[in-house]
Amino acid sequence: MSFTFTIKELILISPAIVLFLTSLLPIFFKVINKNNEPGSFFSIILPTVGCFVAIIMSILAGAYKGTGQYVFSQSMVIDEISSWTSIVISSIVLLTLLVVKEHASSSEKLFSEYVFLLLNSAVGMMVLSWSNDLILTFVGIEMMSLSIYLLVAISKETTLSKESAIKYFILGSFASAILLFGVSFIYGTTGTTYLHEIANVAQNLASTSRLFLVGVGLVIAGFAFKVSIFPFHSWTPDVYQGSSTPLTAFM
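Residues numbered from 1 in each chain as written. Predicted model: local features only at pLDDT ≥ 70, side-chain atom pairs only at ≥ 80, totals over all residues. Heavy atoms only, no water.

> Account for the overall build of the chain, naming residues and giving values.
Secondary structure assignment for the chain yields 11 helices and two strands. For the chain, the succession of helices and strands along the chain, N to C, is α-α-α-β-β-α-α-α-α-α-α-α-α. Its C-alpha radius of gyration of 19 Å places the chain within 12% of the 18 Å reference for a compact globule of 251 residues. Relative to its 251 residues, the chain shows a buried fraction of 47%. Partitioning the intrachain contacts of the chain with sequence separation of at least 6 by distance along the chain shows that 72% fall at a separation of at least 24. In the form shown here, the chain has an accessible surface area of approximately 12700 Å², with 71% of it arising from carbon and sulfur atoms. (Helix = DSSP H or I, 4+ residues; strand = E, 2+ residues; numbered from the N terminus. Rg over C-alpha atoms; globule rule 2.2 N^0.38 Å. Buried < 20%, exposed > 50% of the residue type's maximum accessible area, 1.4 Å probe, protein only. Contact = heavy atoms within 4.5 Å. Areas by Shrake-Rupley, 256 points an atom, 1.4 Å probe, with all protein chains shown as cover.)

Following this line, the structure appears as C-alpha cells:
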C-alpha cells in the first residue's frame, strides 16, 4: 500500500511539526556548546515562541469548516474539535514553560532535555487528538507517556522521582499491553483499525461478537489507566508526589 501526503496535509498538522522542531533547538545548542546549558534565549524564549506559533497554526487549521479533513490516508482527522484541542495543549505547554525555568525542582544541568521531553509529550497529545486509527492512537499515547516517564525521573526529588518513574513505567507498560491486546481483538473482528469504519459495524458486532466486546473492554481499560480512572488509578499518588509541581500541573 502506497503512502503519500500533500503540502496541505503538512500544513494541517503543522502545530505538531512546529513543536517537534522547536524541541530540538535547546538540545542542538547544548551539544554545540560542549554539553553546557544554552542561555535563556535558546532554552526558554525560542520554545515559548514555538508554542505561540503552534497556537496560531492550530487556529488556522480550525478555519477549515465542514465534517473534518481526513489526512495521511485517513489515519488522522483535522476538524474544529481536534484544532481546539491542539490550541489547549499548546497553551498548557506554554504556561508550563513560563513557570518551570525558575522552579527549584527543575534540574539546571538537564533543562534542555526537560524542554525537549515536555514539547514531545505535547506532540504525542496532538497526535492522539487527531488520530482516526487505533495504531496511531497507540503511537500518540506512547509518545506522550514515554516522555512523561523520563520527565518524572529527572526531577531533583531524586529518591521519590526515581521510584515514581519506575512504578509509572512498569504499570504504564502493562496498560499499554492491555490496550494493544484490545486493539488486536477489534482488528480481528472488524478487519480494520480506522475508527470511522469500526463505528459503522460496532452496533452489529456488539450484539453478535463477544470477542469484539472483549476488545473494546480492554481498550477502555488501557485508556482508563492513562487518565487515572478507578480502579486503574493506583499510579497517580506516587507519580504526583515524586514529580515537580510544574510537571504535576502539566499532567
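> Could you give an account of the packing of helix 3 (residues 40–61) against helix 5 (residues 111–130), naming the residues involved and the relevant values?
Following both chains from N to C, one finds helix 3 and helix 5 inclined at 10 degrees, their axes separated by 11 Å at the closest point. Taken together, the axes of helix 3 and helix 5 lie roughly parallel to each other. Residues Ser 43, Ile 44, Pro 47 and Cys 51 of helix 3 pack against Phe 111, Val 115 and Leu 119 of helix 5. Residues that form the contact of helix 3 with helix 5 fall into these classes: six nonpolar, one polar and no charged. (Axes fitted to C-alpha atoms, helices over the stretch in contact; angles between N-to-C directions. Parallel < 35°, antiparallel > 145°, perpendicular 65-115°, else oblique. Nonpolar A, V, L, I, M, F, W, Y, C, P; charged D, E, K, R; others polar.)

> Summarise the environment of Gly 182; cite the residues concerned and give the values.
Locating Gly 182 in the fold gives a position in helix 7 (residues 158–190). On the basis of relative accessibility, which here comes to 0%, the residue Gly 182 falls in the buried class. When the C-alpha positions of Gly 182 and Ser 145 are compared, they lie 19 Å apart, and in sequence the two are 37 residues distant. Look past the residues within four positions of Gly 182 in its chain and what remains in contact with it is Gly 215, Leu 218 and Val 219.

Nothing here speaks to function; it is all geometry.
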